[in-house]
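These are the residues of each chain, in order.
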Amino acid sequence: MHYENDENYFRGYEWWLMKEAKKRNPNITLISLPWAFPGWVGHGKNWPYDFPDITAAYVVNWILGAKQYHDLDIQYVGIWNERNYDSKYIKLLRYTLDKSGLDTVRIIASDSLWEPVVQSLLLDPELSRAVDVIGAHYPGTSSVKEALKTQKKLWSSEDYSTFNDEVGGGCWARILNQNYVNGLMTATISWNLVASYYKDLPFSRDGLMTAEEPWSGSYVVESPIWITAHTTQFTQPGWSYLHTVGHLAQGGSYVALTDGKGNLTVVIETMTRDHSVCIRPPLPPFNVTSQNATFHLQGSFASIKELQVWRSQFNFKTKKSSFFETLTPQKLFDGSFTLELAEDEVYTLTTMTTGQKGSYPDSPPSARFPKVYKDHFNVRNPPFSEAPDFADQTGVFEYYINMTDPGPHVFTLRQVVTERPVTWAADADQTISVIGDYQWENLTVSCDVFMESMKAGGVFIAARVDKGGQSVRSAKGVFFWVFADGTYKVTNDLAGQTVLAEGLSGTRAYGWHTLSLTVEGQYASGLLNGYPLWKNAVVLTTKNGWAAIGTHSFELAQFDNFAVVAEY
């Protein structure tokens, strides 16, 4: 919904991802949380609450569209990721959901810290009736006493975000257990699911697995995937934690869950401090040593004679860890069993006999981004709205069918965001999408461009772009701009402050122009429509970085026949 009259429920990869998840586990829970909002929601302000009815309608329409167009039931909805909440808006969102037949959709608040939302819930009964779950981010396995007083479900609604080596796997193992043991949080949600973005962007490999080379198809199933399986293969949403959970005598923790129908799953972890550090918050010292631990099953579980056993062993000395291996079933005598637990292990003991360690084909070998690359965007029915390999950092670049152009530019890539969104992180005043190999130094980038804003329009191609994500506003590189007023500019930064060359170009809106940028060593030169426009501009900074395309402001513009020839 880029514009107020634009209800589109087919953009992005998320619809596909949710449907694929449902195929694999029909019981999986679907949760939605706005990180940003379209600019029209805020009426030009970076704030979504001045017109709460508009914001609520936008969110509710998205949930209705998920069902209508994709048969996806969104079960929970949040407010605004890690930003201020507004009590009036939350109450109106609850009212709008109910009025729209979505009374089963539950609200999470506030996807930030425990406070001040906990106090707001305790002081405002109407707000309390509207909210079902208190979601905290990176709680360090601890909640606050006042949160328990609300009698709401407590979730770690964003956690992990840690480099997915084996210490990252240890972090995930520890918090999956201890978020409940220490904080009574019944859900722990990893950000992010799969690290599928350029590794030199922020938060490299902060996913449960890694698949960051779509051009090669290479992927790595990292240790956090198998640690996840210790819990998710033997429980389902709707299972309950038993009250008899806690810490082991020599360090580590255990939890037990049941489906209420006689099944039991026990998960044990003995992660040492230095092998389970998460990216945040700081982890205080603690000790874990090898130990024998005896467990006694009581009540309806006392009659259990045998439990299936699955084990993961981290080995930080030999680097020969083993993950999610099935062992001989554990016999129980009078409802009891004893385990020899070493350091840095994870065990699952369960009545569930459905566990299996999935297999997958060998990954294709890792490869650098192709040094000769072309995309003509000639896709009549694209499976996704965005072109492969481009990573939008500000703005949105989508496949477009240019019905008004009878020539060679029918299928293009178009920047479609025309006003600044209500942002979560710092973005730029210019739109930009990066592509390629961050180590590229010497290269030629070329692209056909089409400006759709009279007078004020402007577009660029770029090389050696050094920053993205929340740092994109300060990105440096070599940026070759042309403008609809007939001028050009070459800058060393996205903001356009450091000018290397400028002059007349004769470029206009509503006409196609071919730009070519060559950067070699400390010099850059540019062609317009095949003819030299400027040359031997001295590049002041950035030795390497991505290629990029973009616009001067939030404006419509099209790109076609993008190409790169680079040296390794």
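Residues numbered from 1 in each chain as written. Predicted model: local features only at pLDDT ≥ 70, side-chain atom pairs only at ≥ 80, totals over all residues. Heavy atoms only, no water.

Colleague: Residue-level account of the overall build of the chain, with values.
Modeller: For the chain, the count of helices and strands is 9 helices and 33 strands. Taking 24 Å as the expected radius of gyration for a compact globule of 568 residues, we find that the chain reaches 27 Å, a close match to that expectation. Referenced to the eigenvectors of the C-alpha coordinate spread, the extents of the chain come out at roughly 90 × 55 × 40 Å. Carbon and sulfur atoms make up 52% of the accessible area of the chain, which totals about 26,000 Å². Charged side chains of the chain number 46 positive and 60 negative; the gap between the two group centres comes to 2 Å. (Helix = DSSP H or I, 4+ residues; strand = E, 2+ residues; numbered from the N terminus. Rg over C-alpha atoms; globule rule 2.2 N^0.38 Å. Areas by Shrake-Rupley, 256 points an atom, 1.4 Å probe, with all protein chains shown as cover. Lys, Arg positive; Asp, Glu negative; His and termini not counted. Charge placed at Lys NZ, Arg CZ, Asp CG, Glu CD.)

Colleague: Give me the pairing of strand E32 (residues 546–551): which residues, what numbers.
Modeller: Burial of E32 is extensive: 6 of the 6 residues sit out of reach of the surface. Of the two faces of E32, both are covered, the one formed by Trp546, Ala548 and Gly550 as well as the one formed by Ala547, Ile549 and Thr551. Summarising the sheet, strand E23 (residues 431–435) and E32 pair through 5 bridges and their orientation is antiparallel. If you follow isoleucine 432 over to E32, its bridge partner there is glycine 550. (Buried < 20%, exposed > 50% of the residue type's maximum accessible area, 1.4 Å probe, protein only. Pairing = 2+ DSSP bridges.)

Colleague: Pulling in residues and values, what's your account of the state of the cysteines?
Modeller: All told, the structure shown has 1 disulfide when counted by the stated rule. Shown here is the disulfide that connects cysteine 171 with cysteine 278, its sulfur atoms set 2.0 Å apart. On the S-S bond that ties cysteine 171 to cysteine 278, the torsion sits near 100°, and the link is right-handed. Residue cysteine 171 is located in helix H8 (residues 166–183), and its partner cysteine 278 is located in the loop between strand E13 (264–269) and strand E14 (291–296); the two are separated by 107 residues in the primary sequence. (Disulfide = S-S within 2.5 Å.)

Colleague: I'd like a description of the pattern of salt bridges, backed by residues and values.
Modeller: Inspection of every chain in the model, using the stated rule, returns 18 salt bridges. Salt-bridge contacts for lysine 45 lead to aspartate 50; the nearest nitrogen and oxygen are separated by 2.6 Å. Aspartate 274 is the partner of arginine 273 in a salt bridge, and the nearest nitrogen-oxygen pair spans 3.2 Å. According to the relative accessible area criterion, arginine 273 is partly exposed, its value standing at 26%. Salt bridges sharing common partners tie together Arg420, Asp427, Asp429 and Arg473. (Salt bridge = Lys/Arg side-chain N within 4 Å of Asp/Glu carboxyl O.)

Colleague: Explain unusual backbone geometry to me, using residue names and the numbers behind them.
Modeller: With omega at -5°, the peptide bond leading from alanine 109 into serine 110 counts as cis. Residue proline 116 follows glutamate 115 across a cis peptide bond; omega there is 10°. In this structure, proline 116 sits in the loop between strand E3 (106–112) and helix H5 (117–123). One non-glycine residue, serine 161, adopts positive backbone phi at about 50°. As for its placement among the helices and strands, serine 161 is situated in the loop between strand E5 (153–160) and H8.

Colleague: Residue-level account of the packing of aromatic side chains, with values.
Modeller: Applying the stated criterion to the full structure yields 43 aromatic pairs. Between the aromatic rings of tryptophan 47 and tyrosine 49, the centroid separation amounts to 5.2 Å while the plane-to-plane angle is 85°, which identifies the pairing as edge-to-face. Residue class for tyrosine 49 comes out buried when judged on its relative accessible area of 5%. Their ring planes at 75° and their centres at 5.4 Å tell us that phenylalanine 460 and phenylalanine 479 sit as a pair that is edge-to-face. Remark: phenylalanine 479 occurs in strand E26 (residues 476–483) and phenylalanine 460 occurs in strand E25 (residues 458–465); sequence separation between them is 19 residues. The pair formed by phenylalanine 460 and phenylalanine 479 is uniform in burial state, with each residue classed as buried. Here the aromatic cluster, defined as three or more aromatic residues joined through ring pairs, consists of Tyr198, Trp215, Phe369, Tyr373, Phe377, Phe390, Tyr438, Trp440, Trp546 and Phe562. For the cation-ring pair, arginine 280 lies above tyrosine 138, with the distance from its terminal atom to the ring centre recorded as 4.5 Å. (Phe/Tyr/Trp six-rings, centres within 6.5 Å; stacked < 30°, edge-to-face > 60°. Lys NZ or Arg CZ within 6 Å of the ring centre and 35° of its normal.)

Colleague: Any chance you could break down the side chain of glutamate 222 for me, citing the residues and the numbers?
Modeller: With respect to the helices and strands, glutamate 222 occurs in the loop between strand E9 (218–220) and helix H9 (223–232). A distance of 3.0 Å separates polar atoms of two side chains, one belonging to glutamate 222 and the other to threonine 210. Setting aside anything within four residues of it in sequence, one finds glutamate 222 in contact with Asn164, Arg205, Leu208, Met209 and Thr210. (Polar contact = N/O pair within 3.5 Å; in protein donor to acceptor, adjacent residues only side chain to side chain. Contact = heavy atoms within 4.5 Å.)

Colleague: Explain the environment of leucine 123 to me, and be specific about the residues and the numbers.
Modeller: Mapping leucine 123 onto the fold places it in helix H5. As for leucine 123 and threonine 444, which are separated by 321 residues in sequence, their C-alpha atoms are 62 Å apart.

Colleague: Run through the nonpolar core, naming residues and quoting values.
Modeller: Residues Ile432, Phe480, Leu494, Leu517, Ile549 and Phe562 are the most contacted members of the largest nonpolar core, which totals 62 residues. In this structure, Trp40, Val118, Ala130 and Ala136 belong to the second largest nonpolar core, which totals 43 residues. (Core = buried A, V, L, I, M, F, W, Y, C linked by side-chain atoms within 4.5 Å.)

Colleague: Describe a nonpolar patch on the surface, naming the residues involved and giving the relevant values.
Modeller: Together, Tyr13, Trp16, Leu17, Leu193, Val194 and Phe384 line one region of the surface with nonpolar side chains, adding up to about 550 Å² of accessible area. Following the sequence through the fold, tryptophan 16 ends up in helix H1 (residues 14–24). (Patch = residues over 30% accessible without salt bridge, like charges linked within 9 Å, V, L, I, M, F, W, Y side chains within 5 Å.)

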